[in-house]
Amino acid sequence: MAITRRALRKQTDAVLLCVLVLTFLLFAAPASQAVPLWTSGGIEIYGTGQTYGAEVVSIIPDGSGGSIVVWVDMRNSRYDVFAQKVDQDGVCQWAENGVDVRGPGMTSGAVSAEHAVVSDGAGGAIIAWIDRRSGGPTVYVQRLNQHGELQWTTNGVEVHAPVDWYSSRQPVIASDGAGGAIVAWYEYDNLEWHAEYAIFAQRVNSSGERLWSANGVQVRGLGPFGSATLSKLSIVADGDGGVIIAWDDFGAGRDIYAQRFNAGGTALWKAGGLEVCAVDVACISPLAASDGAGGAIITWWERYPDGYEVFAQRVTSGGQCLWTSSGVNVRGMSYPGGAGSPSITTDGRGGAIIAWADARNTTGASVECEIYVQRLDAAGTALWTPGGVLLTPEGPDLYGRPRITSDGLCGAIIAWQGPMETYAYPSQIIRAQKVSPSGSPEWVANGDIVRGKEFAGYATDEVIASDEHGGAILAWRDSRSGKVDVYAQRVVNPTPSVTSIAPAAASNLWAVDTSIVGNNFSEGASVRIMRGSTVIEATGVTVVSATSISCNINISGQPLGKYDVVVTNPDGQEARLVGGFSVTDACGQGAVASVSVFAATLGLMSVMGIGLRRRRKGT
């Protein structure tokens, strides 16, 4: 008896339900877990045999999948600056416990903990610090080559002549693109209880020679107390041998200013600095990232009576603010609870990715934060979830201080502390999360634990740098030994795998749509099939989920035989299914496979009782 319309509809609905369930399971495949490549809990950079703890850690990529870590410690009964290079496998390359950046023979003149580091573009680093050897605090720099050898004057190059009644503070540094660097700092007088402040900058070439005036060029003129009282100074290379410097300024309130200098030390924007943000609330702590076109994107906090907000502004190479006059609210609107501690990196497409701590969902009397991230395009438009992508979905807790770096693939990797016991006491836990170019967290919910509670003591002051292969390297201060040491860990995407491709064979008369099943596929992955010297690149590649890819492979006229199926993630990691796909002729396995699929379809319909007979009218 032929099936009725109602029964047919019910059975069809059942089939659709099965398809929907399978589709949900496919899309809801769990996120991949980041792979810590080095020793669990991190490798020790500094600490073995040492009595004194480390202060203030910095990190940069070394250009070869590793990093250069810089810190200050008191092993010589005074603050000195040290550096260590760690290769991509987590092996320290320089002297045990680091290279003394100030060099041998220094018996006096301790440094402060303030320092800055940038790559020299050749596997080494240029490091700036504050040094008191000449009396008042003065900025010095040193270059280390890829082997950790001092390249300039043995005890460092004096960036500016010391002035007895002025002290230098807070050096920041950027590459000049030619093996040298540009350093900026601020100075205050010691005579009138810090009554006057100014900002200066100096360029040092690859040989350690000062290129601008003896004392540097003036970024922000000297003025009475409050005229340039800084809580944050930021610098970014402009890609043409110069830099953009941003600061918060008490001139007429507390506003954000910026200035661009060319390679010759000439200011290119408005005298005294371009006003980036001038509103009736305090704007503080600017951070800048390159926009890739000679300008910068600057983010900062704004202090309101009921909390903070995070804003950003893009400034062109010509000194024009492109976004709204007061900047873009990164959260998109004012949520209760406020937001702060922003961190910024480029998205590689003229925009930026910004992470911050957010108290919008705080409950109770104590302030509990979550970590959010948002991508802004070159026009200042938010590209991800309105209000930001939540990285800590387990709920608000004592999370704080996010740090961000580009993954080199238009996404980012973010690290943060928490949860902490209290905000006054550092956390035992450091977490990390990778976010794709479309705003999808790629690692486990709430972030992968880089350093966990199984280790004693606390971990704090985490810093992060790209490994330039789609992953990141973190460094932090760690008290697990009873003193404060320096540890580091590299995190990367897990290696992908391919388990099957469907269809597994097809005729070389046409192109074929395929579905690939496996694990740990990343957004932006590519697909190809290979047999000897024959390589066929797939088109229309769509990463449906971490376990599924759809694509089209044009095998028209291609040689017959078995081909390897190769999936390559954007970070370069690849998976290969050896001999997983066969190219046949018109009478080969491809035709049989097609008939088999058709036969299987008929069999399924038969099992379900779906009649294929023509029904007579009225029956």
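Source: prediction; values computed, not measured.

**Q** Quick rundown of the overall build of the protein chain? Include the residues and the values.
**A** The helix and strand inventory of the protein chain stands at 2 helices and 42 strands. Buried residues in the protein chain amount to 54% of all 619 residues. Relative to all contacts within the protein chain whose residues are 6 or more apart in sequence, the contacts with residues 24 or more apart total 51%. With the model as given, the accessible surface of the protein chain reaches about 25,800 Å², and the carbon-plus-sulfur share is 54%.

**Q** Tell me about the packing of aromatic side chains, and please be specific about residues and values.
**A** In total, this model carries 9 aromatic pairs according to the counting rule given. Both rings, one in W185 and one in F200, keep their centres 6.3 Å apart while their planes meet at 25°; by these two values the pair is stacked. With W185 in strand β12 (residues 181-189) and F200 in strand β13 (residues 196-204), this pair connects stretches of sequence that are 15 residues apart. We classify W185 as buried; its relative accessible area is 0%. With a relative accessible area of 14%, F200 lands in the buried category. Consider the rings of W247 and Y257, whose centres lie 6.2 Å apart with planes at 20°: the pair is stacked. Linking W247 in strand β16 (residues 243-249) with Y257 in strand β17 (residues 255-261), this pair joins segments that are 10 residues apart in sequence. Each member of the pair W247 and Y257 is classed as buried. An aromatic cluster is built from Y46, W71 and F82, whose rings are joined through pairwise contacts.

**Q** Can you break down the confidence of the model for the protein chain residue by residue, with the values?
**A** Averaged over every residue, the pLDDT of the protein chain is 86; residues scoring 70 or more account for 84%. Low confidence marks residues 1-30, where pLDDT is under 50. Its contacts with residues over four positions away, or in another chain, come to 20 contacts.

**Q** So, the sheet that holds strand β20 (residues 296-304): which residues are in play, and what are the values?
**A** Taken in spatial order, the 4 strands line up as β19-β20-β21-β22 in an open sheet, and their pairing is antiparallel. Edge positions in the open sheet fall to β19 (282-290) and β22 (328-329), since each of these has one partner strand only. Here 7 bridges tie β19 to β20, and the two strands are oriented antiparallel to one another. Residue pairing across strands places A282 opposite R303, the latter belonging to β20.

**Q** Quick rundown of the pattern of salt bridges? Include the residues and the values.
**A** Applying the stated criterion to the full structure yields 28 salt bridges. For R401, the salt bridge is made with D461, and the minimal N-O distance between the two is 3.5 Å. Of this pair, R401 sits in strand β27 (residues 400-406) while D461 sits in strand β31 (residues 459-466), placing them 60 residues apart in sequence. On the basis of relative accessible area, D461 is assigned to the partly exposed category, the value being 24%. The salt bridge involving R576 is made with D564; its shortest N-O contact spans 3.2 Å. Within this pair, whereas R576 is found in strand β42 (residues 574-584), its partner D564 is found in strand β41 (residues 561-568), the two being separated by 12 residues in sequence. Beyond isolated ion pairs, a larger network of salt bridges with shared partners links E55, R401, D461, E462 and R477.

**Q** Describe the sheet that holds strand β29 (residues 430-435), with residues and values.
**A** Across the sheet, which stays open at both edges, the 4 strands sit in the order β27-β28-β29-β30 with antiparallel pairing between neighbours. Strand pairing shows two members of the sheet lacking a second neighbour, β27 and β30 (448-451), which therefore form its edges. Neighbour to neighbour, the strand axes of the sheet diverge by 30° on average, direction disregarded.

Conventions adopted
- Residues numbered from 1 in each chain as written.
- Predicted model: local features only at pLDDT ≥ 70, side-chain atom pairs only at ≥ 80, totals over all residues.
- Heavy atoms only, no water.
- Helix = DSSP H or I, 4+ residues; strand = E, 2+ residues; numbered from the N terminus.
- Buried < 20%, exposed > 50% of the residue type's maximum accessible area, 1.4 Å probe, protein only.
- Contact = heavy atoms within 4.5 Å.
- Areas by Shrake-Rupley, 256 points an atom, 1.4 Å probe, with all protein chains shown as cover.
- Phe/Tyr/Trp six-rings, centres within 6.5 Å; stacked < 30°, edge-to-face > 60°.
- pLDDT = per-residue confidence, 0-100.
- Pairing = 2+ DSSP bridges.
- Salt bridge = Lys/Arg side-chain N within 4 Å of Asp/Glu carboxyl O.
- Axes fitted to C-alpha atoms, helices over the stretch in contact; angles between N-to-C directions.

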